[in-house]
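Coordinate inspection notes
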Amino acid sequence: MRLKKILTAILVFALTLSAVGCSKKEASDNSETEIATESVASPDDADNNEVIPLPTGTSSEDTSVEADVFVEKIDNLSDDFITGADLSSIAAEFDSGVKYYDFNGNELDEQGFFDFLYDECGVNYARIRVWVDPYDENGNSYGGGNNDIETAKRIGTWATNAGMRVLIDFHYSDFWADPSKQKAPKAWSDFSVDEKAVALKMYTEDSLNELRDAGVDVGMVQIGNETTTGFCGETEWEDMCTLFKAGSEAVREFDKDILIAIHFTNPEKGSYPAYAPYLEQYGVDYDVFASSYYPYWHGEVGSMKAILNTIVNKYGKKVMIVETSYIYTYEDGDGSGNTESEGKAGDAFYYDVSVQGQCDAIREAANAVAFCGEAGIGIFYWEPAWIPVSVYADADYPDEVYEYNRKLWEEKGSGWASSYASDYDEDAAEYYGGSAVDNEALFDFYGHPLASAKIYKYIRTGAVAPLSVSAVTTDGIVVGVNEYYGLPETAHVRYNDGTISEKPIIWDEDSVANVDISTPGEVAIEGTVEVDGEEYPVIFTVKFLAENLLLNPGFEDEDMSMWVIDSDIISRKDDSSNVHDGAYCLHFWSEKDIEYTVYQTVTLDAGEYVLGTYIEGGDCGDDASFVLYAEYGDESLEQKTGVTKWQEWDNPEIDNIVITEDGTELTIGVKVKAAAKGWGAWDDFYLYAK
Ligand code: CA
């Protein structure tokens, strides 16, 4: 789990709190109304329906069980496919008095909780993170579950007694290790790489001995956690691999049947095929190439599937998704902001934010691993039980609940970080608090299992639920101010079994009449959709962009007289593969060194303006210079930009153009110097009054 994300979320949460009241959604192309689950009849018994089924498996025998969720069976899932759970915070949760229940509402004791997960939920493997010395100089715990080796022994014993095997996730740090930080333990901080290797090997050996003596059935060991940008304070691959090898040797010497995993994240960046050769080159002996996969950060499951398959085919390693999770609600349970919340910029929710959506996300992650055949060994759900110590969400006295929670996070370590972690972890200094994933658990805020807690059973059998509407949506649009927009006639009605049908929308006349097309901004137009006698709300968002004050800004018109271009290596081009929008762009390429300027001059009234454009391209060399500029009076403003690769658009903006007199001439343009054989395209320049 990436702490940076947690911190961003906490910030977003704080901002959200301060912005209550202005709840209009940020620019979005999709207007969505989530619907509470409610049973309805079949989706195709009204007029004009087109039911689009999701791809289905080829299972010959229907083993589906009745449930509250739909889950498509994953065919040919082997009995030893790992359906695991990272339960690292559970001891601290128990110590804080958190209660858990079974499906019948019976309270579970500590061992009972693990037995329940194994017997009723199909969790066959427990993952436990381990920090070397997560305590300050006075012995106060950094929190985050207090995951030293003693805690691992407690959790590992419950898991083993329940029948689960155990994956030990050594961070080789005193607190969270992820791509934003890979700090060596305090005691090793002055060590050379070779000294660290010796310490790491001994520590691994000692820890495994302690776990064996405690009766913990360790089946797999992770050498490091999300070691994408570094490991144990080292950032060079050779040094990182020296340390991976030290850990690996310790495990092999201890028990050759224990699987060794190396763990990376950010699969969406496409770097895994570059990491595996380093491990090979430096002779790291490992069995499993493990990845985190959080759909809202790491993209669609199809690419995850392809990446895992590449690793299997090219490097002959086993693969697994060792961390995944998904939100079932936007609500925060404990008063400490969550990593994922409503309107979180940049994150993509491919599945419904619901228990059904959680099931869909987990099922697809497991299916991606299973697709790799025998080499795809399993998945782990991250922290399915890190729920509120006590529930802040609907409390009568939330401040008191928060204070109660805060004390327990500090004393018992049930929050992601305590204030005592501040000296070691500078993020903790500012943002220490509770659970950032209580809305991603497989238990509700009060400890009762959600239907998704049974997902590991359901992927083996399939599950069917009474049909219900899960979301009613329309595709929002973006238009210029004073431009015509059309209301859609139908909405997409999505059902919990994944089917979608189109239903007519009845628009609210007042809501339509209130739309002011002359003001830039986003409006949500309300309507209703009737599905089998039930009415469902639907919204359609229209984003009105301010008038673009540039002429021929996207090069769609043949008349290019408004643009001054000082070189013949750049010109208007009909090139759909290089446009940002429309059919034309301003394209450049040259066999010789590149240098050009393109500009246009407009006359403006006094006011504040923003200028921007889009640029893509490649092969322009390390010393290339791309500048967007604005000149008026004595002012000269610049914004640097550049190219990376095909269709990767940079969007430079100059947003501080202040014109004080009517009739001022403003010249805007771009200046470029780049290497020979460089290429690229500019498109969609804009200049808006703010
Ligand atoms: Ca929370």
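First, a word on scope: everything that follows refers to the structure included in this document.

Reading guide: rules and limits
- Residues numbered from 1 in each chain as written.
- Predicted model: local features only at pLDDT ≥ 70, side-chain atom pairs only at ≥ 80, totals over all residues.
- Heavy atoms only, no water.
- Helix = DSSP H or I, 4+ residues; strand = E, 2+ residues; numbered from the N terminus.
- Rg over C-alpha atoms; globule rule 2.2 N^0.38 Å.
- Contact = heavy atoms within 4.5 Å.
- Lys, Arg positive; Asp, Glu negative; His and termini not counted.
- Charge placed at Lys NZ, Arg CZ, Asp CG, Glu CD.
- Axes fitted to C-alpha atoms, helices over the stretch in contact; angles between N-to-C directions.
- Left-handed = near helix turned anticlockwise from the far one by under 90°.
- Nonpolar A, V, L, I, M, F, W, Y, C, P; charged D, E, K, R; others polar.
- Donors = N, O, S within 2.8 Å, 3.2 Å for Na, K, Ca; no water.
- Tetrahedral: all angles 85-135°; square planar, octahedral: opposite > 155°, others 65-115°.
- Salt bridge = Lys/Arg side-chain N within 4 Å of Asp/Glu carboxyl O.
- Buried < 20%, exposed > 50% of the residue type's maximum accessible area, 1.4 Å probe, protein only.
- Phe/Tyr/Trp six-rings, centres within 6.5 Å; stacked < 30°, edge-to-face > 60°.
- Lys NZ or Arg CZ within 6 Å of the ring centre and 35° of its normal.

This part is about the overall build of the protein. Check the secondary structure of the protein and you find 14 helices and 29 strands. Over its C-alpha trace the protein gives a radius of gyration of 28 Å, about what one expects of a compact globule, namely 26 Å for 690 residues. Within the protein, contacts between residues at least 6 apart in sequence are counted, and of these 77% link residues at least 24 apart. Taken as two groups, the 46 positive and 131 negative side-chain charges of the protein have centres that lie 8 Å from each other.

Turning to the packing of helix 4 (residues 149-162) against helix 5 (residues 193-213), a few remarks are in order. At a minimum axis distance of 10 Å, the contact between helix 4 and helix 5 shows a crossing angle of 35°. Remark: the crossing between helix 4 and helix 5 carries right-handed chirality. Of the residues in helix 5, those in contact with Ile149, Glu150, Ala152 and Lys153 of helix 4 are Ser207, Glu210 and Leu211. Its residues assigned to classes, the contact of helix 4 with helix 5 shows 3 nonpolar, 1 polar and 3 charged.

Every protein donor of the calcium ion is listed here as Asp332 (OD), Asp334 (OD), Ser336 (O), Asn338 (OD1), Ser435 (O) and Asp438 (OD), and their distances to the metal cover 2.2 to 2.5 Å. Classification of the site at the calcium ion as octahedral follows from its 6 donor atoms and the range of 77 to 177° in their angles at the metal. Mapped onto the polypeptide sequence, the residues donating to the calcium ion form the spacing pattern D-x1-D-x1-S-x1-N-x96-S-x2-D. Of this pair, Asp332 sits in the loop between strand 11 (318-324) and helix 10 (355-370) while Asp438 sits in the loop between helix 12 (426-431) and helix 13 (455-461), and the two are 106 residues apart along the sequence.

Per the stated rule, a full pass over the model turns up 25 salt bridges. Put simply, Lys181 and Asp427 hold a salt bridge, and the shortest N to O gap is 2.8 Å. Residue Lys181 is found in the loop between strand 7 (165-170) and helix 5, and its partner Asp427 is found in helix 12; the two are separated by 246 residues along the sequence. Of the two residues, Lys181 and Asp427, both sit in the buried class. Among the ionic pairs, Asp257 bridges to Lys256, the shortest N-O distance being 3.9 Å. As far as the burial class goes, Asp257 and Lys256 line up, both exposed. Salt bridges sharing common partners tie together Asp86, Arg127, Asp169 and Glu323.

Once that is clear, we can look at the packing of aromatic side chains. Scanning the entire structure with this criterion turns up 54 aromatic pairs. Feature note: the residues Phe94, Tyr100, Phe103, Phe113, Phe114, Phe116, Trp158 and Phe443 constitute an aromatic cluster, connected by ring pairs. The ring of Tyr584 carries Arg572 above its face, with NZ or CZ at 3.7 Å from the centroid.

Attention shifts here to unusual backbone geometry. A negative phi holds for most residues other than glycine; trans holds for most peptide bonds. Although it is not a glycine, Cys232 sits at a positive phi angle of roughly 55°. A relative accessible area of 0% places Cys232 in the buried class. A positive phi angle, close to 50°, is found at Asp684, a residue other than glycine. Here Asp684 is to be found in strand 29 (residues 679-689).

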